[in-house]
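Observations on the model geometry
Residues per chain are reported as follows:
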Amino acid sequence: MTLVGQDRKPRVNLVRRFVRRPGRLAAETAALLIAAVVAFPLYWMVLSAFKPAGEIESSAPRPWTLAPTLDSFRRVFGQQEFGRYFLNSLVVAVAVVVASALIAFLAATAVTRFRFRMRTTLLIMFLVAQMVPVEALTIPLFFLMRDFGQLNTLWSLILPHIAFSLPFAIWMLRGFVKAVPEALEEAAYIDGASRARFLWQILFPLVLPGLVATSVFSFISTWNDFLFAKSFIISDISQSTLPMALLVFYKPDEPDWGGVMAASTVMTIPVLVFFVLVQRRLVSGLGGAVKD
Amino acid sequence: MTAPTKSRPVDRARLPVIRGVSRSSPPSRGSSGTPWLYLAPALVVLGGLLAYPIYQLGLISLFHYTQAQVSGGEPTTFEGFGNYAELFADEQFWQVLLATVLFAAACVVCTLAVGCALAVLLTRVRAVPRLALMLAALGAWATPAITGSTVWLFLFDADFGPVNRVLGLGDHSWTYGRFSAFFLVLLEVVWCSFPFVMVTVYAGIRAVPSEVLEAAALDGASQWRIWRSVLAPMLRPILVVVTIQSVIWDFKVFTQIYVMTGGGGIAGQNLVLNVYAYQQAFASSQYSLGAAIGVVMLLILLGVTLVYLRLLRRQGEEL
């Protein structure tokens with residue numbers, strides 16, 4: 001179709017393409033509109049975080065502000081130990097990401113690079129484990145943590161989250177491990193590399209992109225966790241994580257919307273940054289995991 | 001259901017792999033133990049923090065276990081299926097179960113419809129609109145459930161929310177009515193879960209050879225027809241995965257309901273199983289009842305998983 005307009009000036013060409021493809025124009029308009037609708041809640045969140053209190057509590061909200069202020073953020077950061085909450089969330093998320101990535105890497109290698117009895121059974125068990133409703137296990141985990149004296153510690157959040165992100169991580173990493181050619185492994189052994197050397201110096205770097213894609217999921221589920229944080233950190237507030245800090249502003253009767261939106265913004269940004277960084281790998285990773 | 005008996009082409013394609021491994025590593029006792037060595041950390045963690053709690057969950061659900069037992073004031077007594085009997089005799093449980101199933105079904109259908117439609121749309125547009133939609137979707141995807149919930153509540157707030165102003169609804173409260181509250185939660189759930197479907201299906205469509213689509217278009221097939229007769233069958237494995245994942249996620253919705261309806265809505269009208277179990281256990285200290293609800297959820301999701309496995313096997317996919 002573009003051949004038709006090739007001898008004309010580019011501008012005319014562009015116009016002609018739009019005219020000739022009303023379908024595409026409609027599709028692109030729709031795509032942009034939908035993008036705006038989808039992005040609107042996030043825009044409104046950030047906007048409200050910067051609005052002065054008077055504008056937030058106005059019965060005629062405007063989609064812009066002429067007097068941006070950091071008041072809400074000040075309230076959030078001025079809240080007792082907010083930095084501590086942020087740090088706690090970060091420690092838990094990073095610990096879970098690193099631990100589950102390493103453990104899942106080893107397990108994925110085992111189930112893709114070796115044939116052994118019960119291999120299929122194990123794989124099915126990993127699949128079934130993914131389906132377990134984490135929330136249903138809050139009660140036994142609560143007692144488990146209590147018996148080990150881990151209630152009110154960050155371990156009570158780290159350990160269960162490692163367990164819950166493992167099955168999916170293993171399942172997803174399989175594709176990446178499988179994609180590394182067998183020939184490479186043979187070559188490594190012929191050159192005299194030990195198993196451990198092959199594992200950590202050859203396989204690990206090659207699977208790293210997959211590990212990154214996988215860690216998005218562990219990171220997000222951990223960072224976003226609300227139920228465990230609410231159930232296991234019951235009395236020692238210094239061990240709380242961000243979701244709890246956010247709820248401080250959200251009182252059902254009279255929520256401090258400015259504070260809630262500012263805290264939400266602070267909580268969302270690390271995930272967004274992480275997401276944007278690994279975006280491309282995530283898409284290809286998903287494709288790999290699904291097609292595989 | 002474990003041992004694959006039929007020899008499928010994929011199995012044969014694997015043979016060189018097996019030979020490769022056995023050639024490169026001497027068949028000694030050490031090498032047959034290696035996979036288990038690699039699996040050990042995963043199995044320890046999963047055993048201790050997943051399998052054992054599941055066992056405990058089942059156990060607690062068979063005992064009488066309330067605050068008195070937790071603090072050691074009274075001995076625990078074995079109840080057999082007493083908790084289940086109590087649960088199944090409770091009308092609210094059946095209501096919550098029905099609401100959970102319907103709500104999850106509505107969420108899944110909407111998520112899949114929106115996700116697939118937008119995935120197709122992504123293939124029809126050029127780079128800039130595509131990037132815009134992709135970024136917006138990634139933003140929604142990345143938003144933590146709890147912030148998403150508060151933001152959507154704020155958008156639909158009766159006093160200060162922009163939605164009521166735009167729609168001219170005055171101070172209509174969205175969380176007051178049962179259905180409008182569920183609807184609001186549904187919007188949030190779809191908003192944060194369609195991106196996974198969209199991105200995955202889009203990746204799948206991109207993998208379909210363009211000749212196939214061009215041929216269909218040349219034959220005069222409509223968009224809908226191309227989707228139904230060409231794309232959907234080719235994308236079946238991917239669609240199965242996203243459907244099952246959505247079912248599992250939406251069936252277990254907790255944060256959105258808990259935050260947006262204030263712990264289950266007025267008089268528990270917006271409870272779903274997960275929140276119900278939590279309320280029974282941690283708000284009413286009926287730990288054994290909560291555990292029984294958890295077991296019911298576990299069994300339902302296990303059923304879904306079995307369906308999933310059957311579908312996978314029918315597609316001849318290797319594990």
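Basis of the calculations
- In this numbering scheme, every chain counts its residues from 1 along its sequence in written order.
- Key to labels: chains lettered from A, ligands numbered from 1, both in the order written.
- Only residues with pLDDT of at least 70 get local features here, since the model is predicted, and only at 80 or more are side-chain atom pairs given and counted; chain-wide, interface and lining totals rely on the full set of residues.
- Helix and strand assignments follow DSSP, with helices taken as H or I runs no shorter than four residues and strands as E runs no shorter than two, numbered in order from the N terminus.
- Remark: C-beta atoms are placed from the backbone, and a residue is labelled buried if 20 or more other C-beta atoms sit within 10 Å of its own, exposed if 12 or fewer do, or partly exposed between those counts.
- By definition, residue pairs are in contact when their C-beta atoms, positioned from the backbone, come within 7 Å.
- Three residue categories are used. Nonpolar comprises Ala, Val, Leu, Ile, Met, Phe, Trp, Tyr, Cys and Pro, charged comprises Asp, Glu, Lys and Arg, and polar comprises the others, including Gly.
- Per-residue confidence from the prediction method is given by pLDDT, with values spanning 0 to 100.
- An automatic or database domain assignment supplies the start and end points of every domain.
- Definition of nonpolar core: a set of buried Ala, Val, Leu, Ile, Met, Phe, Trp, Tyr and Cys residues joined via C-beta atoms within 7 Å.
- Here the expected length of a helix is defined as 1.5 Å per residue gap, with one fewer gap than residues.
- Bend is the name given here to the angle between axes fitted to two runs of seven residues, the run ending at a residue and the run starting at it.

A closer look at the overall build of chain A
Across its full length, chain A holds 13 helices and zero strands. Going from N to C terminus, chain A has its helices and strands arranged as α-α-α-α-α-α-α-α-α-α-α-α-α. Within chain A, the fraction of its 292 residues that count as buried is 45%. Sequence separation of 24 or more characterises 77% of the internal contacts of chain A that already satisfy a separation of 6 or more.

Some words on the overall build of chain B
Looking only at helices and strands, chain B features 15 helices and two strands. Taken over 319 residues, chain B has a buried fraction of 42%. Excluding contacts between residues fewer than 6 apart, the proportion of contacts in chain B whose partners are at least 24 apart in sequence is 68%.

A few points about helix α10 (residues 210-218) of chain B
Burial analysis of α10(B) places just zero of its nine residues in the buried class, a small minority of the element. A positive phi of about 85° marks B:Gly220, the residue just after α10(B).

Notes on the interface of chain A and chain B
In this assembly, 85 residues from chain A lie in contact with 83 residues from chain B. The residue inventory of the side of chain A that touches chain B, partitioned by class, reads 61 nonpolar, 13 polar and 11 charged.

Topic: unusual backbone geometry
All names here are of chain B. Even without being glycine, Ala267 reaches a positive phi, approximately 55°. Its location among the elements puts Ala267 in the loop between α13 (255-260) and α14 (273-283). Phi angles above zero are rare outside glycine, and Ser285 is one such case at about 60°. Position of Ser285 relative to the elements: it lies in the loop between α14 and α15 (287-314).

Focus on the confidence of the model for chain B
All names here are of chain B. For chain B, the average pLDDT comes to 83, and 88% of its residues sit at 70 or higher. Per-element averaging of pLDDT across chain B places helix α1 (residues 9-24) at the bottom with 38 and helix α5 (residues 91-124) at the top with 94. Within the model, the stretch residues 1-30 combines pLDDT values under 50 with 21 contacts to residues more than four positions away or in other chains. Interface scoring of the predicted complex returns ipTM 0.80; its pTM is 0.82.

Comments concerning the environment of B:Leu37
Residue and element names in this part refer to chain B. In this structure, Leu37 sits in helix α2 (residues 29-60). In this structure Leu37 comes out as exposed when scored by C-beta crowding, with 12 C-beta atoms within 10 Å. As a C-alpha pair, Leu37 and Ala207 span 170 residues in sequence and 37 Å in three-dimensional space.

Let's talk about the environment of B:Leu302
Take B:Leu302: it is sitting in helix α15. Along the sequence, B:Leu302 and B:Ile248 sit 54 residues apart, while their C-alpha atoms lie 9.9 Å from each other.

Side note on the domain arrangement of chain A
All names here are of chain A. Split by domain assignment, chain A resolves into domain 1 (2-69) and domain 2 (80-291). The partner domain 2 presents six residues to the seven residues of domain 1 that form the contact. Those elements giving two or more residues to the side of domain 1 that touches domain 2 turn out to be α2 (22-50) and α3 (53-56). Among the elements that make up the side of domain 1 that touches domain 2, the one with the highest residue count is α2 (four residues). Residue classes in the side of domain 1 that touches domain 2 are distributed as five nonpolar, one polar and one charged.

So, the nonpolar core
In terms of nonpolar packing, the biggest core is built from 176 residues, with A:Ala104 and A:Leu173 touching the most fellow members. Sort the elements by how many residues they give to this core and helix α9 (residues 178-207) of chain B lands first, with 17 residues. Built from parts of two domains, this core gets at least three residues from each of domain 1 (2-69) and domain 2 (80-291) of chain A. Among residues more than four places away in sequence, those in contact with A:Ala104 are A:Leu166, A:Ala169, A:Ile170, A:Leu173, A:Thr214 and B:Ala42.

Overview of helix α10 (residues 195-224) of chain A
Since one α-helical turn is 3.6 residues long, residues separated by three or four positions face the same way. Along its 30 residues, α10(A) runs just 37 Å from first to last C-alpha, ending more than 12% under the 44 Å computed at 1.5 Å per residue. Taken as a whole, α10(A) carries its principal kink of about 55° at A:Phe204; the proline A:Pro205 stands between one and four residues after it.

Concerning the confidence of the model for chain A
All names here are of chain A. When pLDDT is averaged along chain A, the result is 82, and 87% of the positions lie at 70 or above. For chain A, per-element mean pLDDT is lowest for helix α1 (residues 10-20), which scores 50, and highest for helix α5 (residues 82-113), which scores 91. Contacts for the low-pLDDT stretch residues 16-20, under 50 throughout, to residues beyond four places or in other chains number five contacts. Ignoring residues within four places in sequence, the model shows residues 288-292, a span with pLDDT below 50, making 12 contacts including any to other chains.

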